[in-house]
Amino acid sequence: MESSRTAWGWGLASISATGDTLDVWYPKLALGEVPEPSARPNHEFGNLIHDDADARGVRRIPVFTVSRLDDPIEDAADAYARLHLLSMRLAQPNTLNLDGIFAALTNVVWTNYGPFAVQDYGQRKMDVIQAASRNGFGTVADVNVLSIDKFPRMVDYVVPTGVRIGNADRIRLGAYLSEGTTVMHEGFVNYNAGTLGTSMVEGRISQGVVVGDGSDIGGGASIMGTLSGGGKHRVSIGEHSLLGANAGIGISLGNHCAVEAGLYVTAGTKITIYDKARIAAGEPLDIVKGAELSGKDHILFIRNSMSGAIEARSRSKGIELNAQLHTNA
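Per chain, the residues get numbers from 1 upward, laid out in the order the sequence is written. A pLDDT threshold of at least 70 governs which residues receive local features in this predicted model, and a stricter bar of 80 or more applies before side-chain atom pairs are shown or counted, although totals over entire chains, interfaces and linings include all residues. Neither water nor hydrogens contribute to the side-chain values; these are computed over all heavy atoms in the structure.

Going by an unreviewed UniProt entry, the chain carries the name 2,3,4,5-tetrahydropyridine-2,6-dicarboxylate N-succinyltransferase and comes from Bifidobacterium fermentum. The heading Catalytic activity (unreviewed entry) in the UniProt record of the chain holds the text "(S)-2,3,4,5-tetrahydrodipicolinate + succinyl-CoA + H2O = (S)-2-succinylamino-6-oxoheptanedioate + CoA". UniProt positions are given in the numbering used here, feature names are shortened, and annotations may be inferred rather than shown by experiment. Turning to the chain, the UniProt annotation filed under Pathway (unreviewed entry) states: "Amino-acid biosynthesis; L-lysine biosynthesis via DAP pathway; LL-2,6-diaminopimelate from (S)-tetrahydrodipicolinate (succinylase route): step 1/3."

Listed below in structure tokens is the structure:
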């Protein structure tokens, strides 16, 4: 049975000497019914196509990809199409089936000359330097390795409007950045994660995590994902909430919440519910696990400086980001 949600488009694929797909770039993708072959638009890659391998041992060929978004990923071209859809803002995080993505993607040496296969990188690097020298670049034509990974940098494939990114190396393809988002130099956004509105990101947004409009992820802050074991709960942060510097969460925050700087709150953290009336009456305060407060609004998570206990206090207002700072025209 065919999926009800489909994306399609022409991509330019890099193919290694062993036939592995190193990457696929999609300038445009469309959602909806796939046109018949006779009605499909032509690709516009022109002289970017190279049927013969270049000095990297890489061929560049056009591929027409149909991605059935509710089904598991079929191959590398399909995986790259879904990552593009996220970074192009055509699909929000956690709305696509990404099962099989690691098996579909190849580990790649990402360089200033584009992708290389890992297996013969040493020889191919010498070939590239020699070819560049013959073209008049002299000794400056070195190959700089940016990373060795299955996922490339987002900005080499998709540049979203209305955002600022301090360090492009820290934003993976498949990140979803809404207009008004500012990612500072130490901020990180994984694939299938991101911001749903104007946001300040100075910390880490892990895979599957979404941050609501008007929220701030402080410097050094960390949000638990689901890739490296742990639970299956996908953490989210609501609107106008603050995750303080060097703080962390393994539970979701609702709207107008804050976590004190340096405080880490997980599902099993024991939290005291602060209640002035009960304190005045000499009554004991309730103690709950962090999971019981996950996703609730108007909470300040703070550590009592006298007792050391972690407390949840009522918070009436959320934060307001500097509007001028996030006008990223």
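A. Structural detail: the nonpolar core. Put simply, a nonpolar core is a bunch of buried Ala, Val, Leu, Ile, Met, Phe, Trp, Tyr and Cys residues held in one set by side-chain atoms that sit within 4.5 Å of each other. For each residue, the accessible area found with a 1.4 Å probe, counting protein chains only, is set against the maximum for its type, and the residue is called buried under 20%, exposed over 50%, and partly exposed in between. Ranked by internal contacts, the top residues of the largest apolar core, which has 63 residues, are V189, I223, L243, V259 and F301. Secondary structure is summarised from DSSP: a helix means a run of H or I of at least four residues, a strand means a run of E of at least two, and numbering begins at the N terminus for each. At the level of elements, β1 (6–15), β2 (21–25), α1 (76–87), α2 (101–104), β5 (108–111), β9 (175–177), β25 (299–303) and β26 (310–314) are the ones that each hand at least two residues to this core. Counting residues per element, this core draws most heavily on α1, at seven residues. In this structure, L243 is in contact with D216, I217, G218, A221, S222, I223, I237, G248, I249 and V259, ignoring residues within four places of it in sequence. It only takes one pair of heavy atoms within 4.5 Å for two residues to be counted as in contact.

B. Region of interest: the sheet that holds strand β6 (residues 114–117). Paired strands, in this sense, are two strands between which DSSP finds at least two bridges. Spatial ordering of the open sheet is given by β6-β5-β7, a layout of three strands whose pairing is antiparallel. With partners counted over all chains shown, the strands left at the sheet margins are β6 and β7 (145–149), one partner each. Each strand of the sheet is rotated relative to its neighbour by a mean of 25°, with strand direction disregarded. The axes used here are C-alpha line fits, helices contributing only the stretch in contact, and every angle between their N-to-C directions lies in the interval 0 to 180 degrees.

C. Seen up close, the side chain of S178. Secondary-structure assignment places S178 in the loop between β9 and β10 (182–183). Given a relative accessible area of 10%, S178 falls into the buried group. Once residues within four sequence positions are removed from consideration, S178 is found in contact with R89, G162, V163, T195, L196 and G197.

D. Here's a closer look at the sheet that holds strand β18 (residues 236–237). An order of β9-β12-β15-β18 is seen for the four strands of this open sheet, with the pairing classed as parallel. Lying at the two open borders of the sheet, with one neighbouring strand each, are β9 and β18. Sheet topology places β9 next to strand β12 (residues 193–195); three bridges connect them, and they run parallel. In the strand pairing of β12, L177 is matched with T195.

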